[in-house]
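# Understanding the architecture of this molecule
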Amino acid sequence: VAALLQRTGSPVLVVANKVDDQVHEAGVWELLGLGLGEPHPVSALHGRGTGDMLDALLAVLPDEAGDGSTVDPDTAVPRDEVLAVALVGRPNVGKSTLFNRLLREDRSVVHDEAGTTRDAVDTVVETEDGPIRFIDTAGMRRRARIDQSTEYYSLVRALRAVDEADVAVLVVDTTVGVTHQDQRLAERVHLAGCPVVVVANKWDLADEEARETIAEQVDDRLGFLGGVELLRASALSGRGIHRLLPTVLDARDAYHRRIPTAELNQVLRRAQAATPAPAGGRVLYGTQGATDPPTFTLFANRRLPRTYLRYLEKQLRTGLGLEATPVKLRVRVRPSRRRT
Ligand code: GDP
Ligand code: MG
């Protein structure tokens, strides 16, 4: 086997297994005779030596892009510690313009990094709150018009980016409003399980009516997201753009946040005192069942109307500082013993 491997020209690691203790290490050096370099003693059963073996393995692996480009290991932040952001939206809504606008912000230091797909190049922006990696999506950098087939391809790319993203920025064109395609894209983002920040772009071009209806449209047509932060912006003029990165960071934090039960119930009590549910309905108490996004279980004495649940949801989002993330509510009916 050793002779065969030598001929392949691929890097080979010799791993000496069953070296459960130091006593057995002495036997390892025999394996030098295989002509495949220094053997790595491990115990597969106990894990001994496997860390060193993995280091040796990583050292001989080709870099991720496979094209010779590397990230300096001393300065690079580990990939999964960098917040990954995907800019998604229909063609022509202004993603490229927005992206370039973000890069022009003078405080940001920018470098490129090999993306996960072969020809992708992600862009890392250093911000005061840490680095942000913008996942490459087809045509994000270019401003070219795209034809039908590349439009399909760019959608595929966008979906892949969303799978990898911690936060998605959905760009919509305020002059056009929230379209069916925007809805479908948002659905995919939602399924990928990441929070969404919606940018109502081209604000400068939008007339009074479009400006007034966009928030409503986002509520109506993207309501399944459980409420999203809406940023009114113009990528062209730069209006509202300074708020994007802070909002993205908020969204990430809020998405993972765990709310103390006492605080949750305080907000529930206050909301119900201000506007009680109809027909004697009442939330007795609530707990947070899950994060990502924050999901609350409300124990109620009877079924509550949808409109009232939407009211509570809004109150929870504002009262608990969760504006930047969708939240989910589940209701369990637990009749109280007291008769009303
Ligand atoms: P993409 O296909 O989503 O990447 O869209 P682009 O960034 O290529 O923008 C499409 C067109 O919209 C370009 O002509 C931009 O100059 C224009 N555009 C983008 N953002 C704005 C904006 O906020 N205001 C105005 N007036 N035009 C914009
Ligand atoms: Mg583009």
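Rules behind the numbers
Residues numbered from 1 in each chain as written. Chains lettered and ligands numbered in written order. Predicted model: local features only at pLDDT ≥ 70, side-chain atom pairs only at ≥ 80, totals over all residues. Heavy atoms only, no water. Patch = residues over 30% accessible without salt bridge, like charges linked within 9 Å, V, L, I, M, F, W, Y side chains within 5 Å. Areas by Shrake-Rupley, 256 points an atom, 1.4 Å probe, with all protein chains shown as cover. Salt bridge = Lys/Arg side-chain N within 4 Å of Asp/Glu carboxyl O. Lys, Arg positive; Asp, Glu negative; His and termini not counted. Charge placed at Lys NZ, Arg CZ, Asp CG, Glu CD. Helix = DSSP H or I, 4+ residues; strand = E, 2+ residues; numbered from the N terminus. Buried < 20%, exposed > 50% of the residue type's maximum accessible area, 1.4 Å probe, protein only. Axes fitted to C-alpha atoms, helices over the stretch in contact; angles between N-to-C directions. Parallel < 35°, antiparallel > 145°, perpendicular 65-115°, else oblique. Left-handed = near helix turned anticlockwise from the far one by under 90°. Contact = heavy atoms within 4.5 Å. Nonpolar A, V, L, I, M, F, W, Y, C, P; charged D, E, K, R; others polar. Polar contact = N/O pair within 3.5 Å; in protein donor to acceptor, adjacent residues only side chain to side chain. Phe/Tyr/Trp six-rings, centres within 6.5 Å; stacked < 30°, edge-to-face > 60°. Pairing = 2+ DSSP bridges. Near = heavy atom within 4 Å. Expected span 1.5 Å × (residues − 1).

In this section: a positive patch on the surface. A cluster of like positive charges, contributed by Lys328, Arg330, Arg332 and Arg334, occupies part of the molecular surface. Turning to its location among the elements, Lys328 is positioned in strand E12 (residues 328–333). Looking at Lys328, the relative accessible area reads 40%, which means it is partly exposed.

Attention shifts here to the packing of helix H9 (residues 261–274) against helix H10 (residues 306–319). Interhelical geometry of H9 versus H10 gives an angle of 130° and a closest axis separation of 10 Å. The orientation of H9 relative to H10 falls into the category oblique. H10 is crossed by H9, and the crossing has right-handed handedness. Seen from H9, the contacting residues are Leu264, Val267, Leu268, Ala271, Gln272 and Ala274; seen from H10, they are Tyr308, Tyr311, Leu312, Gln315, Leu316 and Gly319. Class assignment of the residues belonging to the contact of H9 with H10 gives a composition of 9 nonpolar, 3 polar and no charged.

Turning to the environment of Arg239, a few remarks are in order. If you trace the backbone, Arg239 turns up in the loop between strand E9 (229–232) and helix H8 (244–256). Arg239 sits 36 residues away from Trp203 along the chain, and the two C-alpha atoms are 8.3 Å apart. At a separation of 3.2 Å, a polar atom in the side chain of Arg239 contacts the main-chain carbonyl oxygen of Arg232.

What follows deals with the packing of aromatic side chains. The full count for this structure, using the stated rule, is 3 aromatic pairs. Summarising the aromatic geometry, the rings of Tyr285 and Phe299 are spaced 4.7 Å apart at their centres and angled 25° between planes, so their arrangement reads as stacked. On the criterion of sequence distance, the pair formed by Tyr285 in strand E10 (residues 283–290) and Phe299 in strand E11 (residues 295–300) is long-range, its members being 14 residues apart. Of the residues examined, Tyr285 reaches a relative accessible area of 34% and is grouped as partly exposed. On the basis of relative accessible area, Phe299 is assigned to the buried category, the value being 12%. Both rings, one in Tyr308 and one in Tyr311, keep their centres 5.4 Å apart while their planes meet at 40°; by these two values the pair is tilted.

For strand E3 (residues 83–88), a buried count of 6 out of 6 residues is recorded, marking the element as mostly surrounded by other parts of the structure. Of the strand pairs in this sheet, E3 and strand E6 (residues 130–134) are connected by 3 bridges, and their pairing is parallel. For Ala84, the partnering residue across the bridge sits in E6 and is Arg133. As judged from the 4 bridges shared by E3 and strand E7 (residues 167–173), these two strands associate in the parallel manner. Of the residues in E7, the one forming a bridge with Ala86 is Ala168.

Turning to the site of ligand 1, a few remarks are in order. Around ligand 1, 16 residues are found, and the nearest of them are Asn92, Lys95, Ser96, Thr97 and Asp204. Taken by itself ligand 1 offers 580 Å² of open surface, and the protein chains cover 82% of this. The element that contributes the greatest number of residues to the shell around ligand 1 is helix H4 (residues 95–104), accounting for 3 residues. Residue composition of the shell around ligand 1, by class: 5 nonpolar, 6 polar and 5 charged.

What follows concerns a negative patch on the surface. A cluster of acidic residues, Asp207, Glu208, Glu209 and Glu212, forms a negative patch at the surface. Tracing the backbone through its elements, the reader meets Glu208 in helix H7 (residues 208–221).

To continue, consider H8. Between its first and last C-alpha atoms H8 spans 19 Å; for 13 residues at 1.5 Å apiece the expected length is 18 Å, and the two agree. Listing the buried residues of H8 in full gives Leu244, Leu245, Thr247, Val248, Leu249, Ala251, Ala254 and Tyr255.

Note that Gln315 resides in helix H10. When its relative accessible area of 29% is taken as the criterion, Gln315 is described as partly exposed. Residues Gln315 and Arg270, 45 residues apart in the sequence, show an inter-C-alpha distance of 9.1 Å. Other than its neighbours up to four places away in sequence, Gln315 contacts Val267, Ala271 and Leu320.

Let us look at the pattern of salt bridges. Opposite charge on two side chains lets them pair, provided their charged atoms get close. All told, the structure shown has 6 salt bridges when counted by the stated rule. Of the charged contacts in the structure, one is a salt bridge between Arg90 and Asp182, with a shortest N-O distance of 3.1 Å. Taken as a pair, Arg90 in the loop between E3 and H4 and Asp182 in helix H6 (residues 180–192) lie far apart in primary sequence, 92 residues in all. Neither residue differs from the other here; Arg90 and Asp182 are each classed as buried.

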